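# Coordinate inspection notes
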Amino acid sequence: MQLANPIGLAAGLDKNGAYIDALGNLGFGFVEVGTVTPRAQPGNPKPRMFRLPRANALINRLGFNNQGLDAFLANVQRSVWRTQGGILGLNIGKNADTPIERAADDYLIGLEGVYPYADYVTVNISSPNTKNLRALQGGDELSALLAQLADKRRALEDQHQRHVPMAVKIAPDLTTEQIDAIADALPRHGIDGVIATNTTLSREAVAGLPYANETGGLSGRPVFDASNRVIRALATELGGALPIIGVGGILSGADARAKLDAGASLVQVYSGLIYRGPELVRECVQALRAA
């Protein structure tokens, strides 16, 4: 994950391949799409996405709405950006109706499906919008899942004769003890990176604003400090053992630099692109080059 341009984008599911190409051409060093599940599912009932412009924030409860793995891979293969040198991450998750005790089955199906087409794979265990999903961040649950994914990847490496890095995406609402346990488990199971962080369940920073009480994950400016707290704790515990992709509340070049100062190696934007537009990409690249 050593990139000349360390600015990436966490995007939604690709619709037809041109989506990836358009995003990549905005100047990102890497683009990540997903989360995809093995089977198609409609996601949570609408409305399920809300803007809180006074806080530069979004709340979403999409629920991994997608057309399923086969359709997703067909769309990914239509993209030409990756063939031109773009770095593409594919993000996998579990279906909402898969019992949590069988979650690993869905992740193994996802890993096998995306492996030939990904430059890295993100294992999303931190969305707040799929019931009980965040339980997979627990010590025993996480170790059990990562052990199965590591075994599957070894078989896929032999089959495809290539190593595809895996990163785990975690929540900003973790305790210090939970962060320490994750930092212990990731290198032990050969995971190549960690993405910190997903959206938050906290509403402290947006209390009283319209839509603030909607259920779902809060992203944008309000998650900036919480994300940085997790990044700093991970960086301390990992000691450089694997790279951290810093995500959450990046709305300026200075914000991107703050993620690296906290211990991230790469950064990723999501809600910031909504509020700042493509100008944010150039600003972040310039800030990090100047640093």
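Here's a quick rundown of the structure. All values reported here derive from a predicted model rather than from experimental measurement. (Residues numbered from 1 in each chain as written. Predicted model: local features only at pLDDT ≥ 70, side-chain atom pairs only at ≥ 80, totals over all residues. Heavy atoms only, no water.)

## Overview of the packing of aromatic side chains
Heads up, the condition is: In this analysis, rings of Phe, Tyr and Trp, with Trp reduced to its six-membered ring, are considered paired at centre separations within 6.5 Å, and the interplanar angle assigns stacked below 30 degrees, edge-to-face beyond 60, and tilted for intermediate values. Per the convention used, a helix needs a DSSP run of H or I reaching at least four residues, while a strand needs a run of E reaching at least two, with both numbered from the N terminus. Summary of the burial criterion: residues with accessible area below 20% of their type's maximum are buried, those above 50% are exposed, and those between are partly exposed, where the area comes from a 1.4 Å probe applied to protein chains only.
Tallying each qualifying case throughout the model produces two aromatic pairs. Look at F30 and Y120: their rings are 6.2 Å apart centre to centre, the planes differ by 70 degrees, and that puts the pair in the edge-to-face class. Highlighted residues: F30 in strand β2 (residues 30–36) and Y120 in strand β6 (residues 120–124), separated in sequence by 90 residues. Comparing F30 with Y120, the two get one shared label, buried.

## So, unusual backbone geometry
T35 follows G34 through a cis peptide bond whose omega is 10 degrees. Counting through the fold element by element, T35 comes out in strand β2. Following K46, the chain continues to P47 via a peptide bond in cis, the omega torsion being -5 degrees. Even without being glycine, N56 reaches a positive phi, approximately 50 degrees. In this fold, N56 is placed in the loop between β3 (49–52) and β4 (57–60). On the basis of relative accessibility, which here comes to 29%, the residue N56 falls in the partly exposed class. Of note in this structure, F64 is not a glycine but carries a positive phi near 55 degrees. Relative to the assigned elements, F64 resides in the loop between β4 and α2 (69–78).

## Section: α2
Stated formally: The arc in question is the one traced by the directions running from the helix axis out to the C-beta atoms. We call two residues contacting when some pair of their heavy atoms lies within 4.5 Å.
If you check which residues of α2 are buried, you get L69, F72, L73, N75 and V76. What you see down the axis of α2 is that its buried residues fit within an arc of 160 degrees, all on one side. Of the exposed residues in α2, those oriented more than 90 degrees away from the buried face are D70 and R78. Buried residues along α2 sit in contact with α1 (18–24), β2, β5 (87–92) and α3 (103–114).

## Considerations on the side chain of Q137
For the record, the criterion: Polar contact criterion, stated in full: a pair of N or O atoms within 3.5 Å, where within protein one must be able to donate a hydrogen and the other to accept it, and residues adjacent in sequence count only if both atoms are side-chain atoms.
Here Q137 is to be found in the loop between β6 and α4 (139–160). A distance of 2.9 Å separates the side chain of Q137 from the backbone nitrogen of A171, its partner in a polar contact. Discounting chain neighbours no more than four positions away, the residues touching Q137 are I125, S126, L142, I170, A171, L174 and I182.

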